[in-house]
Amino acid sequence: MTVAEITLGQLEYHLWEAANILRGTVDAADFKTYVFPLLFFKRISDVHDEEYQSALEESGGDDDYALFP
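These numbers come from a predicted model, not from an experiment. Positions within a chain are numbered from 1, following the residues in the order the chain's sequence is written. It should be noted that, the model being predicted, local features are given only for residues of pLDDT at least 70 and side-chain atom pairs only at 80 or more, the latter also being counted only at that level, while totals for whole chains, interfaces and linings use all residues. Note that water and hydrogens are dropped before the side-chain values are worked out from all heavy atoms of the structure.

A. Structural detail: a nonpolar patch on the surface. For patch building, the residue pool is restricted to those with more than 30% relative accessible area and no salt bridge; the joining distance is 9 Å between like charges and 5 Å between nonpolar side chains (Val, Leu, Ile, Met, Phe, Trp, Tyr). Accessibility throughout is a Shrake-Rupley quantity obtained with a 1.4 Å probe, and a residue counts as covered only by protein chains that appear here. Salt bridge, as used here, is a side-chain nitrogen of Lys or Arg placed within 4 Å of a carboxyl oxygen of Asp or Glu. A grouping of V26, Y34, V35, F36 and L39 is seen on the molecular surface, where their side chains present a nonpolar patch of about 490 Å² in accessible area. Per the convention used, a helix needs a DSSP run of H or I reaching at least four residues, while a strand needs a run of E reaching at least two, with both numbered from the N terminus. The topology assignment puts L39 in helix α2 (residues 32–59). By relative accessible area, which is 51% here, L39 ends up exposed. Working definition: with a 1.4 Å probe on protein chains only, accessible area under 20% of the residue-type maximum means buried, over 50% means exposed, and in between means partly exposed.

See the structure below:
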């Protein structure tokens, strides 16, 4: 079977099974210790990107201005 012959359902199944193998025996309740920090860092990253784009527009494309803290 080639990559082109794999259906979306088969791909999802294989990815899910790979995640289960990597996850191992971690209790579902313990995932919050992994997920919450990732969500926090993702939000910080998104806010930074939004503020950077806003500063670029405000300054007419001045990268130094947009990167100023």
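Let us keep going from here.
B. Layout of the packing of aromatic side chains. Only the six-membered ring of Trp is used, alongside the rings of Phe and Tyr, when aromatic pairs are assigned; centres must lie within 6.5 Å, and planes under 30 degrees apart are stacked while those over 60 apart are edge-to-face, with the rest tilted. In the structure shown here, the tally under the stated rule is one aromatic pair. Between F40 and F41, the ring centres sit 5.6 Å apart and the planes meet at 65°, which makes this aromatic pair edge-to-face. Assessed through its relative accessible area of 49%, F40 is described here as partly exposed. Lying over the aromatic face of W16, R23 brings its terminal NZ or CZ to 5.2 Å of the ring centre. Whether a charge lies above a ring is judged from NZ of Lys or CZ of Arg, which has to be within 6 Å of the ring centre and within 35 degrees of the ring normal.

C. Representation of helix α1 (residues 8–23). The span you would expect from a helix comes to 1.5 Å times its residue count less one. Under the 1.5 Å per step criterion, the end-to-end length of α1 is 22 Å for 16 residues, consistent within 8% with the ideal 22 Å. Counted residue by residue, α1 has zero buried out of 16 residues, so it is predominantly exposed. Looking at the residues trailing α1, positive phi occurs at G24, about 70°.

D. Local environment of the environment of S54. Looking at the element boundaries, S54 is found in helix α2. Given a relative accessible area of 40%, S54 falls into the partly exposed group. Note: C-alpha distance between S54 and A66 (12 residues apart in sequence) is 8.0 Å.

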